[in-house]
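Here are the chains, one letter per residue:
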Amino acid sequence: MAVDLHLHSNISDGEDTPERVMELAAEANLSHAALTDHDTVDGIDRARLAAERSGIAFIPGVELSVDHDGTKIHMLVYCLEPGEGPLQSRLAGLRYGRDARNTQIVHNLNRLGYEITIGDVEKHAAGPSIGRPHIADALIDKGYIESRDEAFTDLLRDGGAAYVERDRLTAADAISLARESHAVPVVAHPVTMCLARDGYGRVFRELTDIGLGGIEAHHPMHDRELRTHITGLAKSLGIAATGGSDYHGSTKRSYRVGTGTGDLRVPESSVESLFAQRSMTGSD
Ligand code: AMP
Ligand code: FE
Ligand code: FE
Ligand code: ZN
């Protein structure tokens, strides 16, 4: 059977409830599914219950934005349980950084003539992790733009007219916090690191030496050749090759649960190699 280890709900910037996301995973005939909202585990308990009802094996997760020598990397962290823990207690601080930055972005938008408030932005968020996609929703609501994509091609893109940087963990800190929390850190969609094909090996070797447990090989943004290349690289490093659709909702982005843009298929064996990494996490 296939699996999907990268799913977002409306607890961060997805469109569907955690329950609905797991329903879609069941409809896609998946054996395993992971919820990986940005900077929050608040959807985990609800998603787990819904997955259990549908007979799907559930993996709790989170997606972080980190910095590695000036390169932005998204880091998925798996088997992270809600509650107390070193990484868990950092999440609130990361969300505080988001809130401060959202205020600055709204301020920039006001200066550029877009009349929106933080209240307008918050209306579009069902959970505690608010970000640029919700700011885009507020701009759509007010009729300034048509889609989230439009916001990300101009105003809100990295370096765009209203963009503001936010505080990020370093990759090294995220990896050690994850391991100390008995969870497995995995680099998400490496294609967004904008490296040449021969650049991945060095970076992933460096990160594996400090505890990286996997690389997301199967992602809708990766062509077939990159999926194969990353799978081989992970294998040679002795870490997991994972994958998922990065589903954010059926109308706001075009990826589907389980299948991405149609050709995604994440093998169940990726879960076994992920779980093998779990036993290499910090001591109990
Ligand atoms: P933030 O976390 O606030 O910096 O916003 C970045 C998030 O926006 C990413 O993690 C994606 O989930 C989302 N995103 C990036 N590009 C787009 C896009 N073109 N359309 C919709 N959402 C996007
Ligand atoms: Fe997102
Ligand atoms: Fe991401
Ligand atoms: Zn994601």
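Rules used in this analysis
Residues numbered from 1 in each chain as written. Chains lettered and ligands numbered in written order. Predicted model: local features only at pLDDT ≥ 70, side-chain atom pairs only at ≥ 80, totals over all residues. Heavy atoms only, no water. Donors = N, O, S within 2.8 Å, 3.2 Å for Na, K, Ca; no water. Helix = DSSP H or I, 4+ residues; strand = E, 2+ residues; numbered from the N terminus. Buried < 20%, exposed > 50% of the residue type's maximum accessible area, 1.4 Å probe, protein only. Tetrahedral: all angles 85-135°; square planar, octahedral: opposite > 155°, others 65-115°. Near = heavy atom within 4 Å. Polar contact = N/O pair within 3.5 Å; in protein donor to acceptor, adjacent residues only side chain to side chain. Areas by Shrake-Rupley, 256 points an atom, 1.4 Å probe, with all protein chains shown as cover.

On the protein side, the iron ion (ligand 2) has Asp13 (OD), Asp13 (OD), His38 (NE2) and His248 (NE2) as donor atoms, found 2.0 to 2.8 Å from it. Summarised as a motif, the one-chain spacing of the donors to the iron ion (ligand 2) is D-x24-H-x209-H. A separation of 5.9 Å is found between the iron ion (ligand 2) and the iron ion (ligand 3). Separated by 235 residues along the polypeptide, Asp13 in the loop between strand E1 (2-7) and helix H1 (18-27) and His248 in the loop between strand E8 (240-243) and strand E9 (266-267) bring together distant segments of the chain. In terms of burial, Asp13 and His248 fall into one category: buried.

As a further point, take the coordination of the zinc ion (ligand 4). Taken together, the protein donors to the zinc ion (ligand 4) comprise His6 (NE2), His8 (NE2), Glu63 (OE) and Asp246 (OD), at separations of 2.1 to 2.3 Å. Here the zinc ion (ligand 4) binds four donor atoms, and the angle range of 79 to 175° at the metal identifies the geometry as irregular. Donor residues for the zinc ion (ligand 4) sit on one chain with the sequence pattern H-x1-H-x54-E-x182-D. Metal-to-metal, the separation of the zinc ion (ligand 4) and the iron ion (ligand 2) is 4.7 Å. In this pair, His6 is assigned in strand E1 and Glu63 in strand E3 (residues 57-68), connecting sequence segments 57 residues apart. Classification of Glu63 as buried rests on a relative accessible area of 2%.

All right, on to the site of ligand 1 then. Taken together, the neighbourhood of ligand 1 is formed by 14 residues, with Asp13, His38, Arg132, Asp149 and His248 sitting nearest. Between Arg101 and ligand 1, the recorded distance is 3.0 Å, taken from a side-chain N or O atom to an oxygen atom. When the free accessible area of ligand 1 is taken as 500 Å², the share hidden by the protein chains comes to 86%. Contributions of two or more residues to the shell around ligand 1 are made by helix H3 (86-111), helix H5 (132-141) and helix H6 (148-153).

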